[in-house]
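# Commentary on secondary and tertiary structure
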Amino acid sequence: MSWCLPLLALATAASAVPYSEYILAPSSRTLTAPTIHKVNGTVRNAAALTTAGALTSASNSSAVFIGVNSSVTLDFGKNIGGNVCFQVDAVSGSDEYIGISFTESSLWISPDKCDATQNEGLDDPLWFAVSGPGTYAADIQHQRGGFRYLNVLHNSTGSVSVSTLTVNWTAVPQMSDPRDYAGYFHSSSEKLNRVWYAGAYTNQLCSILSSTGSALNLPLSGWAYNYTIANGTAVLVDGAKRDRLVWPGDIVISGPSIFVSTNRLDAIRNGLDSLLAIQLPDGRLPYSSIPFESTNPSDFVWSFTYHLHTLNDIYDYYLFTGDVPYLQSVWGKYKLAMAYILQFVDSSKLANVTSSADWLRFGMGGHNIEANAILYYNLNLGLKLAAVLNDSSVVSNWTTTAQGIQEAANTRLWDSSANLFWDNDVNTTGSSLHPQDGNAWAIVSGLVSSDRASEISAALQARWVRPYGAPAPEAGATVSPFASGFEVQAHYLAGHPERAIELIEFMWADFMLDDPRMTNSTFIEGYSTDGSLHYAPYANDARVSHAHGWATGPTSTLSFLGAGIQLTSGAGETWLLKPLLGGLSSISAGYTSPLGQFSASWRSSNSTGLQGEFSTPPGTSGTLTLPVTGSEKRLVLNGPGGRQVRSVPSDQSSITVAGLKGGKYTVSLD
């Protein structure tokens, strides 16, 4: 229990990274609650359990719990995770117990219950038999992955005096300083700034000690996070409270957002390795990690889309690291997995999906637009990886298949009356369904023309349910931050950044951060279109995760597509600078690859036009593309190649300068 120390002993200096005032990660792993949310029964001097009380512990200030059902609910002010420790100073009576319960949302605060990890009910508290003065602490397996509120309950007839209650914050165990971010973001929208950093913090809570995985199928009493789900110190999982498993679909969102913020990719690689380790000999990749997934082929749970997401995660890991030896080591498994998936492409030139497993949406099957758009995307990424490894054996098949999917999807699945794609062509979920996921992915994957992308973007915007978000009708009356993360990307890629910004501001900032039922610091797994915190796939509302990495899409999207800093080959050896301000007056971002720092800062006004600076590592090369509105006359670019002045074409929506060397540049477009 070496971590169970007074607060002053473990305080550390705050990180000096840019805009560190927005970072939600603590400066010490030993936390105390700043405020009390509620007191029940008879408790004297409850304030002794707060931060102020901890600082006066030397004067023997204690909270005294007297009689049955005396309790204090502490509010940490944000979602945290870790194991609890407290000091008992005095005990009066026999058979005295202290119970500790946890909850993420204020909806589920209870003296004698936690929120839920299972559908069957609420989790029981951790009970401590208090026999006398001393230090009492939960072990690492009895940490709670996500909670904002911690309840201290005394249920015995005597009295117990408690002081110095702390929580050992256990997230991102591979980071010696949790505030040591490698990336940053800032804009003229305070809402976007808060969302970017809340996304980064959410993913920190979802990066856990590898031996503390799996919150599924636990008993409601005696629950413990005690399953080793990956090798290495840390692993990226879906949610902090639950499932605490590796899900490749979640990593498609959370992985890029980790890269642009903390850049601690070891947790991602450990998760990928855990999935690849249980690939079946026929090529099937698992839906999730063990122990959810069986290694017995007859019990193996397979998902068409999550199979592809594992391959997409491999591409992202290579893109962010440039790690060619790693890519070579997994290339055989990658090609085997691709060969397995391509057998589902039939005479229609589309894949016919036979597995219903996906992100808990309904009706997956048939010639599904989401599945086929992701397959189209994956084939094109696979061709890029094949080129890196000089493997020409797959080029013809993958190219032809991708072309066939693009042609067939646009012909067979497009509904011109709605300007959206049908879910599929076999009516598995109703002929009127136009899914959010498939239509967003049609743009993200490049499956559609720019005109059709713009039509889809407008149609998706028209369905927004204010003030709650973008609906995912393929999952019922549901708002999915996961599917909406792809919609945000889609609006940017369709040339409508103002729509992406508007959606982020009212869905992620106004509702998902500021609603009093939320943690005000991390992002929820899903909820209903009427604003209730009910997620359709779950029978138990208290089970919903309020720190879910798949809800953090805006963090990477604002860096890649808002500030426009995009890597186009491994580690950013080549890059694209393409900012889309979408009405913002300023936006800045930066992140780091093994080649060095990438950063950009842009300002826009009617009087000065677009002004900016960007920097890329020496030895790299890339392209600058800037949007134009028709009023600009010239582009002035100063950098390693000297000064360039170019006239702005009056008949184009952008101006591009290619062949730029890595280095520092200033830009003026007026």
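## Observations regarding the pattern of salt bridges
All chains considered together, the criterion is met by 25 salt bridges. Put simply, arginine 361 and aspartate 437 hold a salt bridge, and the shortest N to O gap is 2.9 Å. Of this pair, arginine 361 sits in the loop between helix 7 (324-342) and helix 8 (369-388) while aspartate 437 sits in helix 10 (residues 436-444), placing them 76 residues apart in sequence. Each member of the pair, arginine 361 as well as aspartate 437, is classed as buried. The salt bridge involving glutamate 502 is made with arginine 466; its shortest N-O contact spans 2.6 Å. Within this pair, whereas glutamate 502 is found in helix 13 (residues 497-513), its partner arginine 466 is found in the loop between helix 11 (450-462) and strand 14 (478-479), the two being separated by 36 residues in sequence. Among the charged side chains, a salt-bridge network with shared partners connects Glu104, Asp115, Asp123, Arg144 and Lys241.

## Some remarks on the confidence of the model for the protein chain
Chain-level statistics for the protein chain give a pLDDT mean of 95 and a share of 96% at 70 or above. Low confidence marks residues 6-15, where pLDDT is under 50. Its contacts with residues over four positions away, or in another chain, come to 18 contacts.

## Thoughts on the sheet that holds strand 16 (residues 565-567)
Adjacent strands of a sheet form backbone hydrogen bonds with each other and so pair up, either parallel or antiparallel. With mixed pairing, the four strands of this open sheet are ordered in space as 16-17-21-24. Each end of this open sheet is capped by a strand with a single partner; those strands are strand 16 and strand 24 (654-661). The sheet shows a mean angle of 20° between the axes of neighbouring strands, taken without regard to direction. As judged from the four bridges shared by strand 17 (residues 574-577) and strand 21 (residues 621-627), these two strands associate in the parallel manner. Bridge assignment links tryptophan 575 to a residue of strand 21, and that residue is glycine 622.

## A look at the side chain of histidine 307
Relative to the assigned elements, histidine 307 resides in helix 6 (residues 304-321). Judged by its relative accessible area of 0%, histidine 307 is buried. Excluding its chain neighbours within four sequence positions, the residues that come into contact with histidine 307 are Gly283, Arg284, Leu285, Trp302, Ala337, Tyr340 and Ile341.

## Things to note about the packing of aromatic side chains
Scanning the model with the defined rule gives 45 aromatic pairs in all. Taken together, a centroid distance of 5.7 Å and an interplanar angle of 85° make the contact between phenylalanine 560 and tyrosine 591 edge-to-face. In this pair, phenylalanine 560 is assigned in helix 14 (residues 553-562) and tyrosine 591 in strand 18 (residues 586-593), connecting sequence segments 31 residues apart. For the residue pair phenylalanine 560 and tyrosine 591, the accessibility class agrees, reading buried in each case. Three or more aromatic residues joined by ring pairs form one cluster here, namely Trp359, Tyr377, Trp441, Phe482, Phe486 and Trp550. Over the ring of tyrosine 201 we find lysine 78, and its NZ or CZ is 5.7 Å from the ring centre. A cation over a ring is seen here: arginine 144 above tryptophan 223, with NZ or CZ 4.6 Å from the ring centre.

## A word on helix 8
Spanning 20 residues, helix 8 covers 29 Å between terminal C-alpha atoms, matching the ideal 28 Å at 1.5 Å per step. For helix 8, a buried count of 15 out of 20 residues is recorded, marking the element as mostly surrounded by other parts of the structure. Downstream of helix 8 by a residue or two, asparagine 390 has a phi angle that is positive, lying close to 55°.

## Things to note about the sheet that holds strand 22 (residues 634-639)
Here seven strands make up an open sheet; going across it, the order is 9-18-19-20-25-22-23 and the pairing antiparallel. Both edges of this open sheet fall to strand 9 (184-187) and strand 23 (642-647), since each of them pairs with a single strand only. The average undirected angle you get between the axes of adjacent strands in this sheet is 10°. Note: strand 18 against strand 19 (residues 596-605), eight bridges, orientation antiparallel.

## Examining the state of the cysteines
By the definition in use, this model includes zero disulfides. Left unpaired, cysteine 206 is separated from the closest cysteine sulfur, that of cysteine 114, by 18 Å.

## Structural notes on the side chain of serine 355
Within the secondary structure, serine 355 is located in the loop between helix 7 and helix 8. Under the relative-accessibility criterion, serine 355 is labelled buried at 10%. Within the structure, the side chain of serine 355 is placed 2.5 Å from the backbone oxygen of tryptophan 302, a separation counted as a polar contact. When neighbours within four sequence positions are excluded, serine 355 is seen to be in contact with Trp302, Ser303, Phe304 and Met364.

## Things to note about the packing of helix 6 against helix 8
Two elements in contact, helix 6 and helix 8, have axes separated by 10 Å at closest approach and are oriented at 35°. Here helix 6 runs over helix 8; the crossing is left-handed. The residues of helix 8 that touch helix 6, namely those facing Phe304, Thr305, Leu308, His309, Leu311, Asn312, Tyr315 and Tyr318, are Glu370, Ala371, Ile374, Leu375, Tyr377, Asn378, Leu381, Lys384, Leu385 and Val388. Broken down by class, the residue content of the contact of helix 6 with helix 8 amounts to 12 nonpolar, four polar and two charged.

## Describing unusual backbone geometry
Note that the residue after arginine 242, namely aspartate 243, is joined by a cis bond; omega there is 15°. Mapped onto the elements of the fold, aspartate 243 is located in the loop between strand 11 (234-236) and helix 4 (248-260). Here the bond from isoleucine 290 into proline 291 is cis, since omega is 5°, no more than 30 degrees from zero. Considering the arrangement of structural elements, one finds proline 291 in the loop between helix 5 (266-276) and helix 6. The backbone of asparagine 69 shows a phi angle near 60°, a positive value even though the residue is not glycine.

How each quantity is defined
- Position numbers for residues start from 1 in each chain and track the written sequence from start to end.
- Under the rules for a predicted model, residues below a pLDDT of 70 receive no local features and side-chain atom pairs below 80 are neither given nor counted, while totals for whole chains, interfaces and linings still include all residues.
- Side-chain descriptors were evaluated using all non-hydrogen atoms of the structure, hydrogens and water having been removed beforehand.
- In the sections that follow, a salt bridge refers to a side-chain nitrogen of Lys or Arg positioned within 4 Å of a carboxyl oxygen of Asp or Glu.
- Runs of H or I in DSSP of at least four residues are treated as helices and runs of E of at least two as strands, each being numbered from the N terminus.
- The buried label applies to any residue whose accessible area, calculated with a 1.4 Å probe on protein chains only, is under 20% of its type's maximum; exposed applies above 50%, and partly exposed to all values in between.
- Each residue gets a pLDDT score, which is the predictor's confidence in that residue and runs from 0 to 100.
- Note on contacts: a residue pair is in contact if any heavy atoms of the two residues lie within 4.5 Å.
- Any two strands with at least two DSSP bridges between them are considered paired.
- Axis lines are fitted to C-alpha atoms, over the contacting stretch for helices. Their N-to-C directions set the angle, which ranges from 0 to 180 degrees.
- Each aromatic pair joins two rings of Phe, Tyr and Trp (for Trp, the six-membered one) with centres within 6.5 Å, and gets the label stacked for planes under 30 degrees apart, edge-to-face for over 60, and tilted for any other angle.
- The rule for a charge over a ring is simple: NZ of Lys or CZ of Arg within 6 Å of the ring centre, and within 35 degrees of the ring normal.
- The length a helix should cover is 1.5 Å for every residue beyond the first.
- Put simply, a disulfide is two cysteine sulfurs that come within 2.5 Å.
- We call two N or O atoms a polar contact when they sit within 3.5 Å, provided that within protein one can donate a hydrogen and the other can accept it, with sequence-adjacent residues counted only if both atoms are side-chain atoms.
- Crossing chirality is assigned from the near helix's rotation relative to the far helix, an anticlockwise turn below a right angle marking it left-handed and a clockwise turn marking it right-handed.
- Under the scheme applied, nonpolar residues are Ala, Val, Leu, Ile, Met, Phe, Trp, Tyr, Cys and Pro; charged residues are Asp, Glu, Lys and Arg; polar residues are all the others, including Gly.

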